[in-house]
Amino acid sequence: MINYEYPLNERIRTLLRLEDLYNKLAHFSRGDAPQDHHVTLLTLFEILEVAGRADLKVDLVQELERQRQILISFRNNPEISEEALSGALYEIEQASSSLLAMAGKIGQYLRENEWLMAIRSRASIPGGVCQFDLPSYHYWLQRDADQRRHDLSNWVHPMLPIRDGLAIVLRLLRASGRPEVQLARGGTYQLMMAGRSAQMLRLRLAPTDAVVPEISANKYALNVRFMLSETVIRPRLAERDVNFELTFCSL
């Protein structure tokens, strides 16, 4: 099954973008080629840009504390595993402590590194990081892969509390809903929200359906149009019935 997620507020939109960037960061940092580590560095710059737009650290700490209080209320419940509950509480407390230990503005240590900021500035120009533009960066890319990886680890490590905090919040958010099977007649689906509260929608489709959902939603209505996946030049509505799973997620 293919999962599609649609955020219903700006905070969840930011968390999903950061999750995607951290996943990309982890993938390319494991590589050995200079190109892998170049993409890792550019991805770190993107994380710096997205995470610096809002008071993300405070939002994450507040949400983790809210979830901690909810979990504490489950103590002594015979239907809840005390071991699992203690593990979840420990994970939340560790993530909160790491976030609170982050001093100052997110990624300020990166902004104070003139060499990195020169690369970031040139990277915004198409082809702007050629060897003749940034010879010192070219030299760094030719160093041993383990040496580059060591530098990347030093630059990335202070940003990991953000990754750990948002991972917990998104995991709890995804687990909060119950999927329901729905039918889009003629490729379209509409649902009146009728006061239904949600922070994110999740759609699951079979890959064999060969359709892609176009989702629009507000506090009044949800609209989904399923487009044929092969029409990459001019999208066309799949004028047939489509079965899918829909989940409303809310913390």
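Structure shown above.
Quick notes on the rules
Residues numbered from 1 in each chain as written. Predicted model: local features only at pLDDT ≥ 70, side-chain atom pairs only at ≥ 80, totals over all residues. Heavy atoms only, no water. Phe/Tyr/Trp six-rings, centres within 6.5 Å; stacked < 30°, edge-to-face > 60°. Helix = DSSP H or I, 4+ residues; strand = E, 2+ residues; numbered from the N terminus. Buried < 20%, exposed > 50% of the residue type's maximum accessible area, 1.4 Å probe, protein only. Pairing = 2+ DSSP bridges. Axes fitted to C-alpha atoms, helices over the stretch in contact; angles between N-to-C directions. Contact = heavy atoms within 4.5 Å. Left-handed = near helix turned anticlockwise from the far one by under 90°. Core = buried A, V, L, I, M, F, W, Y, C linked by side-chain atoms within 4.5 Å. Salt bridge = Lys/Arg side-chain N within 4 Å of Asp/Glu carboxyl O. Parallel < 35°, antiparallel > 145°, perpendicular 65-115°, else oblique. Nonpolar A, V, L, I, M, F, W, Y, C, P; charged D, E, K, R; others polar.

(A) Spotlight on the packing of aromatic side chains. Throughout the structure, instances matching the rule amount to seven aromatic pairs. Centre to centre, the rings of Trp115 and Trp155 are 6.0 Å apart; their planes meet at 40°, and the pair counts as tilted. Of the two residues, Trp115 is situated in helix H6 (residues 114-123) and Trp155 in helix H8 (residues 145-156); the sequence distance between them amounts to 40 residues. Owing to a relative accessible area of 27%, Trp115 belongs among the partly exposed residues under this scheme. For the ring pair Tyr189 and Phe244, a centre distance of 5.2 Å and an interplane angle of 85° mean the geometry is edge-to-face.

(B) Up close: the sheet that holds strand S1 (residues 2-7). Read across the sheet, four strands follow the order S1-S4-S7-S2 without closing on themselves; strand pairing throughout is antiparallel. With one partner strand each, in any of the chains shown, S1 and strand S2 (180-184) form the two edges of the open sheet. Taken pair by pair, the neighbouring strands of this sheet meet at an average axis angle of 30°, ignoring direction. Note that S1 and strand S4 (residues 200-205) share six bridges and pair antiparallel. Residue pairing in the sheet places Asn3 in a bridge with Arg204 of S4. Those strands touched by helix H1 (residues 10-29) are S1 and S4, and its axis lies near 140° from that of S1. Against the sheet, helix H9 (residues 160-175) contacts S1, S4 and strand S7 (242-249), and its axis sits at roughly 65° relative to S4.

(C) Local environment of the packing of helix H4 (residues 82-100) against H9. Put simply, H4 and H9 touch, their axes get as near as 9 Å, and they point 140° apart. Read as a crossing pair, H4 and H9 show a hand that is left-handed. Mapping the contact onto sequence places Glu91, Ile92, Ala95, Ser98 and Leu99 in H4 and Pro161, Ile162, Gly165, Ile168 and Arg171 in H9.

(D) Summary view of the sheet that holds strand S6 (residues 221-228). Spatially, S3-S6-S5 is the arrangement adopted by the three strands of the open sheet, whose pairing is antiparallel. Both outer strands of the open sheet, strand S3 (188-192) and strand S5 (211-217), are each paired with one neighbouring strand and no more. Averaged over all pairs of adjacent strands, the angle between strand axes in this sheet comes to 15°, irrespective of strand direction. Of the pairings in the sheet, the one linking S5 to S6 comprises seven bridges and is antiparallel in character. Across the sheet, the residue bridging to Val211 is Leu228, located in S6.

(E) Highlighting the nonpolar core. Core analysis: the biggest nonpolar cluster contains 47 residues, and Leu18, Leu41 and Ile162 have the highest contact counts within it. Of all the secondary structure elements, the ones that give two or more residues to this core are H1, helix H2 (34-51), helix H3 (56-72), H4, H6, helix H7 (135-141), H8 and H9. Discounting chain neighbours no more than four positions away, the residues touching Leu18 are Ile47, Val50, Ala51, Leu56, Ile162 and Leu166. Among the nonpolar cores identified, the runner-up in size contains 18 residues, and Leu205, Val224, Phe226 and Phe248 belong to it.

(F) Quick look at the pattern of salt bridges. If you walk through the whole model with that rule in mind, you get 17 salt bridges. A salt bridge links Arg13 to Glu10, with the shortest nitrogen-to-oxygen separation between them at 2.8 Å. Here the residue Arg13 and the residue Glu10 both occupy positions in helix H1, the gap between them amounting to three residues, near one helical turn. Look at Glu10 and you get partly exposed, because its relative accessible area is 48%. Measuring nitrogen to oxygen at the nearest pair gives 2.8 Å for the salt bridge that ties Arg149 to Asp146.

(G) How the structure looks around unusual backbone geometry. Residues other than glycine seldom take positive phi values, yet Ala210 does so here, at roughly 55°. Residue position: Ala210 is located in the loop between S4 and S5. Among the residues examined, Ala210 registers a relative accessible area of 31% and is labelled partly exposed.

(H) Just the environment of Ser216, in detail. As for its placement among the helices and strands, Ser216 is situated in strand S5. Taking relative accessible area as the criterion, Ser216 reaches 38% and is therefore assigned partly exposed. In this structure, the C-alpha to C-alpha distance between Ser216 and Leu8, residues 208 residues apart in sequence, is 9.4 Å. If sequence neighbours within four positions are ignored, Ser216 has contacts with Tyr6, Ala221, Leu222 and Asn223.

(I) Up close: the packing of H2 against H6. Two numbers describe how H2 lies on H6: the axes approach to 11 Å, and their chain directions differ by 90°. Judged by the inter-axis angle, H2 sits roughly perpendicular to H6. Across from Leu41, Leu42, Phe45, Leu48 and Glu49 in H2, the residues of H6 making contact are Leu116, Met117, Ile119, Arg120 and Ala123. Class assignment of the residues belonging to the contact of H2 with H6 gives a composition of eight nonpolar, no polar and two charged.

So yeah, pure geometry; function would need other evidence.
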